[in-house]
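Structure assessment
Chain by chain, the residues:
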Amino acid sequence: MIQLIRGFKDILPGEVELWQAIEKIARALLEDFGFKEIRIPIMERTELFARSIGEDTDIVEKEMYTFPDRKGDLITLRPEATASVVRAYLQHRLYAPDPVQKYYTIGPMFRRERPQKGRYRQFYQINAEVLGVASPLIDVQLIFILVALCAKLAITDINAHINSLGCPDCRPRYREALTGFLASIAAELCADCRRRRVRNPLRVLDCKVPSCREAMGEAPSIIDSLCDECQRDFETVQAALQDLKIPFRVDKRLVRGLDYYARTTFEIQTGSLGAQSAVAGGGRYDGLVKLLGGPDLPGTGFAIGFDRLTEIAGLNAADLLPKPKVFIAALGERSRALAFKWNCRLGLQGLRVEMDLGDKSLKSQMKRADRLGAGYVLIVGDKELEDGTALLRNMQSKAQVAIPIEGIVAKVKEVVTAANSRP
Ligand code: AMP
């Protein structure tokens, strides 16, 4: 038997309802805050990711699914969404009527990481991107939305971590100080960090290897190197978060894996996920639009790990399972042919309807209706055909009424809808 690819997964009926419920809540929330949906392709030219994410990042260096297509062009399965959203913003000149645009997108991402619980090679993200807004208050609003979404999903054990990554004016100064420090502790670093030390020193800050963490205890903090503007910006973020009563922690190790981040960076972490504690992350990427050949417009956004949300959401998947409102139990060929038409028409009326098309006994059909959690069963057999009525049984109260076959679809809809709208 052929099995799925390692690190990939199926989302089966029974699980998918939770994904749908979360998606619905997230979409409604983002739309309430003025975000519009944008759908971007799953593959892009490799160059887009290499340029925007940065050649010296783990993602580009070793995690991307990159291959030549049949003509030899290098293409990559997207490892994240921001680069594509910015590409679309530029390609379609979406900034021309108004540079301020807010987009969200939901879909799969691909990274060839080592699979483990909470970490997959195909995983899903809910992304939000705000283009054209320089004020740090928009960063605060993004954090606010993330915290609100967690509350709506009954996720309680969360912490907002924030940091500032400085800007092209002040970051080089910090990089220098950090590089000097890293040289002094090089012998204590893991093999990856010895390499990062030279090529991407900021990444050493968030290495999870215990010996690296210990060696980095005395590392200089980026907060101490911020220029006046970045400092002011960071203070505005903290004051606004306090005003909104959002608990947060300044985390000087929070650097994120992507090169294009600047100034405010944030992560929502949870204690409920074990090693993979990040539920969502994001921050400001002011240089990216220009880097990709556009005007010098700021950008900021976040990515939520959808898989991780489903693992910690307090919603009950069993309660979310769609149950048929009506199950049609038909007995005999003539009844079945007639009931099949009711089935089609009731479905079209928006009543979730299920029917057994085989030649089963009433008992076995009732059992199946029960198992599916149907609200009503509509019963029709030879006797009912003769009487010109069918029986509608309320599966909860067990009350049964005869309904004339003439006009049955409208009548069933009326009864079921009235029952559902009762408090
Ligand atoms: P990033 O794009 O790396 O900033 O990640 C944003 C969020 O996506 C993280 O906080 C995780 O929740 C989620 N995420 C990233 N990589 C994976 C993965 N391999 N498997 C599952 N979720 C992931």
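Before reading further, recall that the structure is shown in the block above.
Structural notes, computed from the coordinates. Source: prediction; values computed, not measured.

The rules we used
Residues numbered from 1 in each chain as written. Predicted model: local features only at pLDDT ≥ 70, side-chain atom pairs only at ≥ 80, totals over all residues. Heavy atoms only, no water. Buried < 20%, exposed > 50% of the residue type's maximum accessible area, 1.4 Å probe, protein only. Helix = DSSP H or I, 4+ residues; strand = E, 2+ residues; numbered from the N terminus. Contact = heavy atoms within 4.5 Å. Near = heavy atom within 4 Å. Areas by Shrake-Rupley, 256 points an atom, 1.4 Å probe, with all protein chains shown as cover. Nonpolar A, V, L, I, M, F, W, Y, C, P; charged D, E, K, R; others polar. Core = buried A, V, L, I, M, F, W, Y, C linked by side-chain atoms within 4.5 Å.

**A closer look at helix α4 (residues 82-91)**
- Burial of α4 is extensive: 9 of the 10 residues sit out of reach of the surface.
- Within α4 the residues assigned to the buried category are T82, A83, S84, V85, V86, R87, A88, Y89 and L90.
- Looking at the buried residues of α4, the elements they touch are β2 (43-45), α2 (46-53), β5 (101-110), β6 (122-131) and α10 (288-291).
- Downstream of α4 by a residue or two, R93 has a phi angle that is positive, lying close to 50 degrees.

**Describing the site of the ligand**
- Taken together, 15 residues lie around the ligand, and R111, E113, Y120, R256 and A278 are the ones closest in.
- Notes on the ligand: free accessible area 480 Å², of which the protein chains cover 90%.
- The leading source of residues in the shell around the ligand is strand β10 (residues 278-284), at 4 residues.
- Across the shell around the ligand, the residue classes tally to 6 nonpolar, 4 polar and 5 charged.

**Some points on the nonpolar core**
- Of all hydrophobic cores here, the largest spans 96 residues; its most connected members are M216, F302, I304 and L309.
- The residues touching F302, leaving out its near neighbours within four places in the chain, are L30, I126, N127, A128, E129, L142, I145, L146, F266, G281 and G282.
- Among the nonpolar cores identified, the runner-up in size contains 21 residues, and I328, V380, L392 and I408 belong to it.

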